[in-house]
Amino acid sequence: MAAELGELRAGGRVPEGDVGDVDGALLLDDGAGLVVLALSALSALSLASYNVHGGRDWVGPFGARGAEALIALLGSAAPLLSWGLLVLSLRLFRRTQSPVQLVRTLGSAVIVLAIATGLHLFFGERPALGGLPPGGLVGSTAAEALRAVIGTVGAYTVVLTVLMVSLVVRTRLSVVS
């Protein structure tokens, strides 16, 4: 326990103080991690069981409405939200670094938006998940705006470039190494 506390303090996640203060901080991280993990599971179950005609919604009416809103907004990219929440919960449980960093959060958001836009560019208006357009409102709006300004090939180029830059920023991958 003492080694773990020293490591947490060295990482800047736990302030100096008595052990009672540290236990509260650790419990807060665990509690937040469990809540975020539950939200991840509920959103994944809602999306997996969503049926536009009703019926088998595993998370009830609230889950059905939530899934409908996510699918309308992001289309087939909506499950990426569940994945992002799962990753955040694991970061909260690990406690070795700050779980939420602005650049990484923005990178994740841009990845989801680029994928939604790419799905609309590739599949167009053909119904996909839930009978709605594959890119949702966000993807169709961004894709059509790009097409109007720089054409279809230019839109593909911009979306692919934005996606790659976001992946580099978010994951710290390097193109060179």
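These figures come from a predicted structure and were not determined experimentally. (Residues numbered from 1 in each chain as written. Predicted model: local features only at pLDDT ≥ 70, side-chain atom pairs only at ≥ 80, totals over all residues. Heavy atoms only, no water.)

Asks: Now, about helix α4 (residues 79-94): what can you tell me, with residues and values included?
Replies: The end-to-end C-alpha distance of α4 is 23 Å, a good match for the 22 Å that 16 residues give at a rise of 1.5 Å each. Listed as buried for α4 are S82, S89, R91 and L92. Positioned one or two residues after α4, R95 has a phi angle of 65°, which is positive. (Helix = DSSP H or I, 4+ residues; strand = E, 2+ residues; numbered from the N terminus. Expected span 1.5 Å × (residues − 1). Buried < 20%, exposed > 50% of the residue type's maximum accessible area, 1.4 Å probe, protein only.)

Asks: Please set out a nonpolar patch on the surface residue by residue, giving values where relevant.
Replies: There is a patch of nonpolar side chains on the surface, built from V149, I150, V158 and V162 and spanning about 310 Å² of accessible area. Structurally, the position occupied by I150 is in helix α6 (residues 136-171). (Patch = residues over 30% accessible without salt bridge, like charges linked within 9 Å, V, L, I, M, F, W, Y side chains within 5 Å. Areas by Shrake-Rupley, 256 points an atom, 1.4 Å probe, with all protein chains shown as cover. Salt bridge = Lys/Arg side-chain N within 4 Å of Asp/Glu carboxyl O.)

Asks: If you had to explain the pattern of salt bridges to someone new, which residues and values would you point to?
Replies: Where charged atoms of side chains with opposite charge meet at close range, the side chains can pair. Throughout the structure, instances matching the rule amount to one salt bridge. R147 is paired through a salt bridge with E144; the nearest N and O atoms lie 3.0 Å apart. Here R147 pairs with E144, and both are found in helix α6, just three residues apart, close to one helical turn. Residue E144 is classed as partly exposed on the basis of its relative accessible area, which comes to 38%.

Asks: Help me get a handle on the side chain of S89, residues and values and all.
Replies: By the secondary structure assignment, S89 is in helix α4. What makes S89 buried here is its relative accessible area of 0%. Not counting the four nearest positions on each side in its chain, S89 is found in contact with G33, V36 and L37. (Contact = heavy atoms within 4.5 Å.)

Scope: geometric values only; no functional claims are made or implied.
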